[in-house]
Amino acid sequence: MKSEHVKNATISTLVGATLVVGVITLAPGWGNAGPRPTPGAAGRAMAAVGAGAPASMLDLTALIEDRERWVRAHPRDEESWAVLGSAYVERGSRLAEPAYYTQAEEALQRSLDVLPGEEGNVDALVGLASLANARHDFAKARTLGESAAEQKPKRWTAYQVLIDAYSGLGDYKAVNKAMDKLTKLRPGAQTLGRMAQVYRERGWREDAAAKAYDAVGSAESPAEKAVALHRLGDLAWERGEPEEAIEEYDMALKLAPDHHPSLASRGRALAALGRTDEAFRDYQSAFDRAQLPEYTLEAGELYQSLGLDGDAASQYEKLRKRAERAGIDGVNEELVLGLFEADHGDPQTAVQRLQAEWDRGHRSMYVADALGWALYRTGRATDALPYAKTATDQGLRSPLFAYHRGEIERALDLPGPARRHLAEAVRINPYFSPLLAPAAREALDMLGEPPPGGPKDVLGYDPEEMEMEAEAGPDSVSPSASPPASASASASGEGAASENEEASPPSDASRSDAAPVTQSSSPEQSVETVEPSASPTPSQESE
């Protein structure tokens, strides 16, 4: 399943769907001489989002209606236009209805017409940055977010949108810096949740789980707690614990029955346990609430894994139509379309889509993995490997990334690394995909066990020959029989490489700073060469 890529390419890296939280701020004038929201549902929504928490859909709708009435009577109120525009962004994201983004853009632009961003209208800039993230235009979101943060460094909402933008661009050093700023300015459940996600992407799973638990305990409203419980469920799923994940999703859905990310995630976990009828029910319920292309992709792959090719084809057609519709409203769905084309359509089209994403600066680990896989699917395994390394070396313990890299290495006749990464994929989560998890196990079986006796020449001498010479007497032992001091450094063979890599986790420098290394194809140049154009790391590009 491709949900791992898509949910991390959306505006919110916290909940597996495009939830915009904390964008609508209580501007300085509110509650004094400025406009007052209507008491009741609209007031609850304003209080929730002012605290950086998700409001219920009913309260959010009430807030939108309240601000629409207000701006009709007060068209020069830039604060209310900014609130209304940001609320439209959240509604569009929560319902997966990109048409609302057009309304959002108009409202936010009206706010800027009254008071330009460079004159202090930071709320409108943050709203536009959130809109750009929702449309997966991360470079624009970064520009707007940085402008807002520069003008008002203590406006915490700017750092929320910057975390999403930097993540989409693959600038993980900047993600960490923005996270530090947000933590100092705005402690609470939503910040704890974002910390959990950042830790997860660094590979710090225990720390991520601890922050996720803290977020559940700190949540104040049912909607906020549902988001936190869903995050806990996702972490359990990624550990290969579908039963525990279902428990978390069930609790989230009791608090927020319309929370479609929990429905889709529960469907994935139910499928892993063989409860396919219930899984399809949940997928359909999720799609009824939010027609996200990734939901249809997951459901289609589940159908395909069961041999129901006609139903799978129907789901894939829905995916195409939905992505095309989103594109009309300015939403970039190239990542999910590239993933779909690589495995179920035209791999060459997938390469074109994903290479364009990379070239426009969208160099996240998810795009790197998807592009590497698409290149492999077109038979270009040598070109694919640097991208696969970029994806796996960031720290995220992803079975999908490991599987893709293992298959690429197997195609390049690198059995040791291939065996290690394929085994890692099924060890991290044996249920990670109804199609690819069985394929990973089959590939491992085809590779078989490492050759008996371990790698050759590990010691630098032949132990049997040493034993024979010892039995013959001390006078017959040749000078070369003594093991050299650098014997361990001269070890070769796939087993040695695999063992050494397993024993030493990559350093921070190798995970985020070093460009991928590829073997020169020139027969005259046998040394390894760095190819920045092939797969520069995100941190290098940002610098």
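The structure presented is a predicted model; accordingly, all values stated were derived computationally and were not measured.

Undergrad: For this particular structure, what's the right way to read the environment of Gly203?
TA: In this fold, Gly203 is placed in the loop between α10 (189-202) and α11 (205-218). Along the primary structure Gly203 and Gln394 are separated by 191 residues, whereas in three dimensions their C-alpha atoms are 8.1 Å apart. Filtering out sequence-adjacent residues up to four positions away, Gly203 remains in contact with Gly395, Leu396 and Arg397.

Undergrad: I tried to follow the environment of Asp164 on my own but got confused; where do I start?
TA: Within the secondary structure, Asp164 is located in helix α8 (residues 156-169). By relative accessible area, which is 5% here, Asp164 ends up buried. Between the C-alpha atom of Asp164 and that of Phe138, which follows or precedes it by 26 residues, the distance is 7.8 Å.

Undergrad: Can you help me understand the pattern of salt bridges in this one?
TA: Where side chains of opposite charge bring their charged atoms close, a pairing between them can arise. The final tally for this structure, using the stated rule, is 24 salt bridges. Between Glu97 and Arg325 there is a salt bridge; the shortest N-O distance is 2.9 Å. In this pair, Glu97 sits in the loop between α4 (78-95) and α5 (99-114) while Arg325 sits in helix α17 (residues 309-328), placing the two residues 228 residues apart along the sequence. Through salt bridges with shared partners, one network takes in Asp250, Arg266, Arg281 and Asp282.

Undergrad: Quick question: what am I supposed to make of the confidence of the model for the chain here?
TA: A low pLDDT score tells you not to read the predicted coordinates there in detail. Per-residue confidence for the chain gives a mean pLDDT of 81; residues scoring 70 or more make up 73%. Here residues 6-38 is modelled with pLDDT under 50, and outside its nearest four sequence neighbours on either side it reaches 114 contacts, counting other chains as well. Counting contacts from residues 474-543, a segment whose pLDDT is below 50, to residues more than four positions away or on other chains yields 97 contacts.

What counts, and where the lines are drawn
- Residues numbered from 1 in each chain as written.
- Predicted model: local features only at pLDDT ≥ 70, side-chain atom pairs only at ≥ 80, totals over all residues.
- Heavy atoms only, no water.
- Helix = DSSP H or I, 4+ residues; strand = E, 2+ residues; numbered from the N terminus.
- Contact = heavy atoms within 4.5 Å.
- Buried < 20%, exposed > 50% of the residue type's maximum accessible area, 1.4 Å probe, protein only.
- Salt bridge = Lys/Arg side-chain N within 4 Å of Asp/Glu carboxyl O.
- pLDDT = per-residue confidence, 0-100.

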